[in-house]
Amino acid sequence: MKTEILKAATAQEIEYAAMIGGKIINEGGIVAMPTETVYGLAASIDNDDAINSIFKVKGRPQDNPIIVHIAEREDIYSLVSSIPDEAKALMDAFWPGPLTIILKKSEQISDVVTSNLDTVGIRMPSHPAARALIKAAGCPLAAPSANLSGKPSTTSAKHVFDDLSGKIPLIIDGGQSTVGLESTVLTVLDGGTALILRPGSITPEMIEGVGVKVKIDSAVERPLNEGEKPISPGTAHKHYSPKAKVILLKGTRNKIFEFAKNYADKNAAVICFLKQKLPRGVKRIDIGENEEDKARLIFDALRKADEMELDEVLVSVEENSGIGLAINNRLLRAAEFKVIDVE
Ligand code: TXA
Ligand code: MG
């Protein structure tokens, strides 16, 4: 299958790409779409065969449920059986945007989408091309991240092409994802506390800021115990792994500088901020100036490590607050939860 890439920058391009993409989806196909978080691989929620082909194309384990994307707030009512007030408050505050809310599903949602769970994750993306595609298809779209399962998520049309070329008919190129990390996934517990299952750019602080109490699921920061069943099945699987070994460091820039001296003659690079100094001879992959840049560029940096055919890539953890929590969550999985304290 030839994979076409359609640019969707101007309003006219978006309309055209959505029309073509919507047609493919209505004929039972799957389409890669840009979102503000990462690229998604989208199919109609009403077509089990198409959703099954998403699992196949990604090599995704069957037990990992897929998020449903809607274009308008009112689209949610037929998809879920009830919405707690706290969930409504979070939708008011953060939709459209990078927040997925897990709710009890209605009859309309197929078990193929939710891997037989009785809940469904719903998200209303803000990217205009994603919303145009949902509207053109005329139905909510089931869409996981558009990467091969286990690889870093995709934040550009090029990343998607690298993973899925020849396997899907269309990639809608809406530019580089502005957030760069997948959406915050949460569920609302009885009693109204939001439980974060996957941290993202909607931070615990932001959720508290709209008056909703928040807890972070313990599986966010640690590997699962033997036989443990997580609330969010995705947390159980291998994730975000480039071919290069990811070496995760905790310490000041000075201490990281000292540690990096061991890597001058190795086929390795350090993912680091623009102003961060490295010893002579150590390769670098720049990641901007601050945590937001790091969130936006981290998957690109992990993919660059493979383009450079490195054996090892070094990167530091951030403070475990704000978006740092989300960055660390991805890096911990990429490094199989090993952190080297260089202090
Ligand atoms: O930003 C995003 O969320 C992107 C874009 C494309 O929207 N999508 C994305 O999908 O990251 P995916 O499939 O790569 O990750 C979805 C995560 C998985 O960890 C999955 O287990 C969890 O959400 N999830 C989905 N439905 C769930 C449910 N009903 N209950 C618990 N966890 C769920
Ligand atoms: Mg994913």
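Higher on the page you've got the structure.
Predicted model, so just to flag it, every value in this text is computed and none were measured. (Residues numbered from 1 in each chain as written. Chains lettered and ligands numbered in written order. Predicted model: local features only at pLDDT ≥ 70, side-chain atom pairs only at ≥ 80, totals over all residues. Heavy atoms only, no water.)

Draft legend 1. Molecular detail of the environment of Ala269. Secondary-structure assignment places Ala269 in strand 13 (residues 268-272). Ala269 has contacts with Lys283, Arg284, Ile285, Met308, Leu310, Glu312, Val313 and Leu314, leaving out every residue within four places of it along the chain. (Helix = DSSP H or I, 4+ residues; strand = E, 2+ residues; numbered from the N terminus. Contact = heavy atoms within 4.5 Å.)

Draft legend 2. Local environment of the site of ligand 1. Inspection of the region around ligand 1 gives 26 residues, with Thr37, Asn64, His69, Ser183 and Gly234 positioned closest. Residue Ser145 places a side-chain N or O atom 2.8 Å away from an oxygen atom belonging to ligand 1. The contact in question runs from an oxygen atom of ligand 1 to an N or O atom on the side chain of Arg198, over 2.9 Å. Protein contact buries 96% of the 680 Å² of open area that ligand 1 shows by itself. At four residues, the largest contribution of residues to the shell around ligand 1 is made by strand 6 (residues 119-123). Partitioning the shell around ligand 1 into residue classes produces twelve nonpolar, ten polar and four charged. (Near = heavy atom within 4 Å. Polar contact = N/O pair within 3.5 Å; in protein donor to acceptor, adjacent residues only side chain to side chain. Areas by Shrake-Rupley, 256 points an atom, 1.4 Å probe, with all protein chains shown as cover. Nonpolar A, V, L, I, M, F, W, Y, C, P; charged D, E, K, R; others polar.)

Draft legend 3. Fine view of the pairing of strand 6. For strand 6, the tally of buried residues reaches four of five residues, placing the bulk of the element in the interior. Note that strand 4 (residues 68-69) and strand 6 share two bridges and pair parallel. Following the sheet pairing, Val68 is matched in strand 6 by Ile122. Note: strand 5 (residues 99-104) against strand 6, five bridges, orientation antiparallel. Directly across from Ile102, in strand 6, lies its bridge partner Gly121. (Buried < 20%, exposed > 50% of the residue type's maximum accessible area, 1.4 Å probe, protein only. Pairing = 2+ DSSP bridges.)

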